[in-house]
Amino acid sequence: MKKNRKRRIFINGIFTENPLLISAMGICPALAVTTRASNGFGMGMALTFVLICTGLVLSALKRVIPSNVRIPCYMFIAASFVSIVRMLFSAYLPALDGSIGPYLPLLAVNCVILERAEAFSTKNSIADSTLHGFACGLGYTAALTVMGALRELLGSGELFGAIIIPGFPRASMFLLAPGGFLVLGALIAAANKLSGRNAENCDGNCAGCPLEGNCADERKEAAR
Amino acid sequence: MNKARPIQSFFSMLLVCLICAMAVTIVYEVTAPRIEELELARSNEARAAVLPGANGFTKVEDIELLDGVTEVYRANNNSGYAVTARAKGSSGYIETITGIDAGGVITGVKVTDVSGEISGLGTNVTLADYTDQYTGARAITADPTDPGAAYIEAAERADEASMAVFTCVSNSLLQVSGMGTVI
C-alpha cells in the first residue's frame, strides 16, 4: 500500500502532473534556455535540486511556519536554494553557468516551486515531499531536454552541440521565442494525446488539467 | 500549518530567514574562492591567447578609460596591451579582450562574455571564423567599400552581436592609440 503510494507519487510527478507539459507551469525559463538540449538539461537539474530541497525543508518546517506568512517563507526558502545552486554552478559547472546563468535567478519565483510547495510539501511527509520534488524535477528536466533537442536540431542543425546531419536545413526561428512556443505547443499536444487526457474521457479531476478552462460545467458534473 | 499571532509570525519568519542566510553563507564561503580563482584564470588565459608574445600582464592604473573600456593590461615585456571592453549586444552586454601589439596591430580578439545572447545566433561571434578577421588589422571598418581599413564581416546570423564586438574592438584600438601606441 505504502509502496504503491510512493510509486503513484513518482509517476504523477513525472507524467500525469508534469509541470511543463500537463500543468503548463515554468514556461518562462523553458522558452528562454531551451535553444540547446544541454541548456534545457542543466536548467532542469537546477530546478530538480531546488524542488527537492524546498520540498524537504518546507515539509520539515510545516508546523513552524504559520499559514498567514507561508508565501513569504516559500519565497525565502526557494530564493536561498536558487542562490546556492547558482553559486555551485559558477564554481563547478562554469560552462553551463555561462549559458543559463542569467536565467537561473528566475527559478526563485518559478510557479512550479510555489505550487508544489502549497499543494504538496506542506501537506505531506518529508519523504513524500522529497520524492515528489525529485519526480517533478525529473519530469521538467525530461520535457526541457526534449524541447531543447528539437529546437537545437531544427534551429542549428545540431544535437548536444554535435552536428548530426551535415547540411541539415536550419530555421533560425526555432531559436527565437516564436519557435519556442511552436515546439512547446507541439509537445503539449503530444503529451495530451499520449496521456489520453481529453474532453471525451474526462475523469472529473480538474487539478492540473490544461483543458479545465475549455471544459463545459455540465461535462464536469457528469464526470463526477 | 496554523494561524498565528503577529509576534509568532515574526519569529517564525525570523527563524526561516536565519536558516536560509546560514545555508547561503556556508555555500558562499565554500564556493567564493573557487569562483574567484576560475575568473582570474579565465581572464589570464584570454589575455595570454590574444597577446601570445607576452610573458605576463600588469594592470595599467591612473589612465582615463574610454566609454565601454573596462580594463587595460600591459604586457610585462612591453610587447603590447590587452584591453577589456563591453558593448550592448542583442539582449545583454558582450565583453571582449583585444590584444594590441606595440606597433598598434591587433594580435587577437577573444569574446569572453556572451551570456545574454541566444545560443546558435548571437553566440556565433565567439567562433574563430569571425574573430580571426580582426587579427593583423591596424584599423577596422564595417563598410566593405572603405579601402583604408580591414573590412570585418558580421558573423552568420549574429548582426547585433557582431556590431557589439566591432564596437568593443574599435574602442580598444582607440584606447591604446590614445595612450601612445609604441611602448
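Just so we're clear, the structure is a prediction, and the values are computed from it rather than from any experiment.

**Q** Describe the environment of Gly-133 of chain A, listing the residues and the values that go with them.
**A** Within the secondary structure, Gly-133 of chain A is located in helix H7 (residues 126-156). Apart from residues lying up to four places away in sequence, Gly-133 of chain A is in contact with Leu-51 and Ile-52 of chain A.

**Q** Can you break down the pattern of salt bridges residue by residue, with the values?
**A** Residues and elements named next belong to chain A. Taken as a whole, this structure holds ten salt bridges over all chains when the rule is applied. Its salt-bridge partner being Glu-158, residue Arg-36 comes within 3.1 Å of it at the nearest N-O pair. Pair noted here: Arg-36 is in the loop between helix H2 (27-33) and helix H3 (37-60) and Glu-158 is in strand S1 (residues 158-159), with a separation of 122 residues, a long-range link. One salt bridge connects Asp-97 with Arg-86, and the closest N-O pair in it is separated by 3.3 Å. Of this pair, Asp-97 sits in helix H5 (residues 94-100) while Arg-86 is found in helix H4 (residues 70-92), placing the two residues eleven residues apart along the sequence. The exposure class assigned to Asp-97 is buried, which follows from its relative accessible area of 13%. Among the charged side chains, a salt-bridge network with shared partners connects Arg-5, Lys-6 and Asp-128.

**Q** Tell me about the packing of aromatic side chains, and please be specific about residues and values.
**A** Residues and elements named next belong to chain B. This model, assessed by the stated rule, comprises four aromatic pairs over all chains. Plain terms: the ring middles of Tyr-130 and Tyr-134 are 5.6 Å apart, the flat faces sit at 85° to each other, and that makes the pair edge-to-face. By the burial criterion, Tyr-130 is buried, and Tyr-134 matches it.

**Q** So, the nonpolar core: which residues are in play, and what are the values?
**A** Ranked by internal contacts, the top residues of the largest apolar core, which has 48 residues, are Leu-20 and Leu-104 of chain A. Broken down by secondary-structure element, the contributors of at least two residues to this core are H2, H3, H4, H5, helix H6 (111-119), H7 and helix H8 (177-195) of chain A together with helix H1 (6-50) of chain B. Top contributing element to this core by residue count: H4 of chain A, with ten residues. Discounting residues that sit within four places of it in the chain, Leu-20 of chain A has contacts with Met-25, Gly-26, Ile-27, Ala-30, Tyr-140, Ala-143, Leu-144, Met-147, Leu-184 and Ile-188 of chain A. Core analysis: the second largest hydrophobic core is formed by 29 residues, Val-109, Ile-152, Phe-166 and Cys-168 of chain B among them.

What counts, and at which threshold
- Residues numbered from 1 in each chain as written.
- Chains lettered and ligands numbered in written order.
- Predicted model: local features only at pLDDT ≥ 70, side-chain atom pairs only at ≥ 80, totals over all residues.
- Heavy atoms only, no water.
- Helix = DSSP H or I, 4+ residues; strand = E, 2+ residues; numbered from the N terminus.
- Contact = heavy atoms within 4.5 Å.
- Salt bridge = Lys/Arg side-chain N within 4 Å of Asp/Glu carboxyl O.
- Buried < 20%, exposed > 50% of the residue type's maximum accessible area, 1.4 Å probe, protein only.
- Phe/Tyr/Trp six-rings, centres within 6.5 Å; stacked < 30°, edge-to-face > 60°.
- Core = buried A, V, L, I, M, F, W, Y, C linked by side-chain atoms within 4.5 Å.

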